[in-house]
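These are the residues of each chain, in order.
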Amino acid sequence: MGQETLKQTAAAAALEYTLNKLDYDSYLGVGTGSTCDIFIDLLASHKSKIAGTVASSERTAQRLRSHGIPVYELNTVDEMQLYVDGADEVNPHLELIKGGGGALTREKIIAAAASEFVCIADDSKRVGHLGNFPLPVEVIPMARSYVAKMIIKLGGEPVYRQNIITDNGNVILDVHKLYPIEVARTLEEKLNNITGVVCNGLFANRPADTVLLATLQGIETLTAN
């Protein structure tokens, strides 16, 4: 079974989970990435069963609207019951690294606002420790050099992601050499405290509540301890 098939399996499981959780008055947060794209395509046939969605990126919003799925600004939604998104890495505590697609800040905002955060991924994203995948950090452009120097002091090796501007108008530094991240919450806070950093891709202070992990044996459901 190839990775694309596993993504399909994870997306289908997320759709079933969503339909069992939400009703006609519910709002659904939708993440960004290839697995979420599949999820959106599957959701199209059931769009009448939810009140609408909140998108984590312009890319996601466009795909949702292309299927006729209503998209609302987070500021206009009183309560968001569920957020579905992928991940680049998932550890046993359901802490994540996200941001390979560049939407980490909006993803983190929606995850914080949602009552429940469900992560969908294939088994290749499961790790013992975070940090093998380069950690994305969204930075205000004028602070890029300063932030890079501060990250080096923390032991990381920042690499400027070329030709990428986020939906918020910022740039991204991908930080290597952090593996293994032993205490993800502490590092998340340290990075966010650097002046000029908008957000980083560690989802540790707000981890996933549930992970639907597609394996060769089927869906494995991981829940927070």
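Residues numbered from 1 in each chain as written. Predicted model: local features only at pLDDT ≥ 70, side-chain atom pairs only at ≥ 80, totals over all residues. Heavy atoms only, no water.

Colleague: What is the right way to read the overall build of the protein chain from this model?
Modeller: The number of helices and strands found in the protein chain is six helices and 13 strands. For the protein chain, the C-alpha radius of gyration of 17 Å lies close to 17 Å, the compact-globule estimate for 225 residues. Its C-alpha atoms give the protein chain principal-axis dimensions of about 50 × 40 × 30 Å. Taking all contacts inside the protein chain whose residues are at least 6 apart in sequence as the whole, residues at least 24 apart take part in 74%. For the protein chain, the computed accessible surface area is about 10,400 Å², with 48% contributed by carbon and sulfur atoms. If the 20 positive side-chain charges of the protein chain are averaged to one point and the 27 negative ones to another, these points end up 5 Å apart. (Helix = DSSP H or I, 4+ residues; strand = E, 2+ residues; numbered from the N terminus. Rg over C-alpha atoms; globule rule 2.2 N^0.38 Å. Contact = heavy atoms within 4.5 Å. Areas by Shrake-Rupley, 256 points an atom, 1.4 Å probe, with all protein chains shown as cover. Lys, Arg positive; Asp, Glu negative; His and termini not counted. Charge placed at Lys NZ, Arg CZ, Asp CG, Glu CD.)

Colleague: Just to check I follow, could you spell out the nonpolar core for this structure?
Modeller: One broad trend across soluble globular proteins is that nonpolar side chains are buried collectively. One finds L28, F39, L43 and L64 to be the most contacted residues of the largest nonpolar core, which totals 26 residues. Of all the elements in the fold, those that place two or more residues in this core are α1 (3-21), β1 (27-30), α2 (34-43), α3 (58-66), β3 (82-85), β6 (117-122) and β12 (210-215). For this core, the leading source of residues is α1, giving seven residues. In contact with L28, not counting residues within four places along its chain, are T18, L22, F39, L43, I50, G52, T53, V54, M80, L82 and V84. Counting residues in hydrophobic clusters, the runner-up holds 22 residues, among them L130, I151, V171 and L187. (Core = buried A, V, L, I, M, F, W, Y, C linked by side-chain atoms within 4.5 Å. Buried < 20%, exposed > 50% of the residue type's maximum accessible area, 1.4 Å probe, protein only.)

Colleague: Please clarify how unusual backbone geometry should be interpreted in this entry.
Modeller: Trans peptide bonds make up the majority, and among non-glycine residues the majority have a negative phi. A cis geometry characterises the amide bond from Y179 onward to P180, with omega recorded as -5 degrees. When you line up the elements, P180 lands in the loop between β9 (171-176) and α6 (184-192). The phi angle at L94 is positive, at roughly 65 degrees, despite the residue not being glycine. With respect to the helices and strands, L94 occurs in the loop between β4 (89-90) and β5 (96-97). Residue classification places L94 among the buried residues on the basis of a relative accessible area of 1%. Within the chain, K177 stands out as a residue other than glycine whose phi angle is a positive 70 degrees. With respect to the helices, strands and loops of the structure, K177 is situated in the loop between β9 and α6.

Colleague: Got a minute to help me understand the packing of α2 against α3 in this structure?
Modeller: The axes of two packed helices give the description: the angle between them and the distance between them. Interaxial distance between α2 and α3 falls to 10 Å at its minimum, and their mutual angle equals 20 degrees. In this view, α2 runs roughly parallel relative to α3, as classed from their interaxial angle. Of the two possible hands of crossing, α2 and α3 adopt the one that is right-handed. The segment α2 lies against α3, with S34, D37, I40, D41 and L43 engaging R59, T60, R63 and L64. Looking at the contact of α2 with α3 residue by residue, the class counts come to three nonpolar, two polar and four charged. (Axes fitted to C-alpha atoms, helices over the stretch in contact; angles between N-to-C directions. Parallel < 35°, antiparallel > 145°, perpendicular 65-115°, else oblique. Left-handed = near helix turned anticlockwise from the far one by under 90°. Nonpolar A, V, L, I, M, F, W, Y, C, P; charged D, E, K, R; others polar.)

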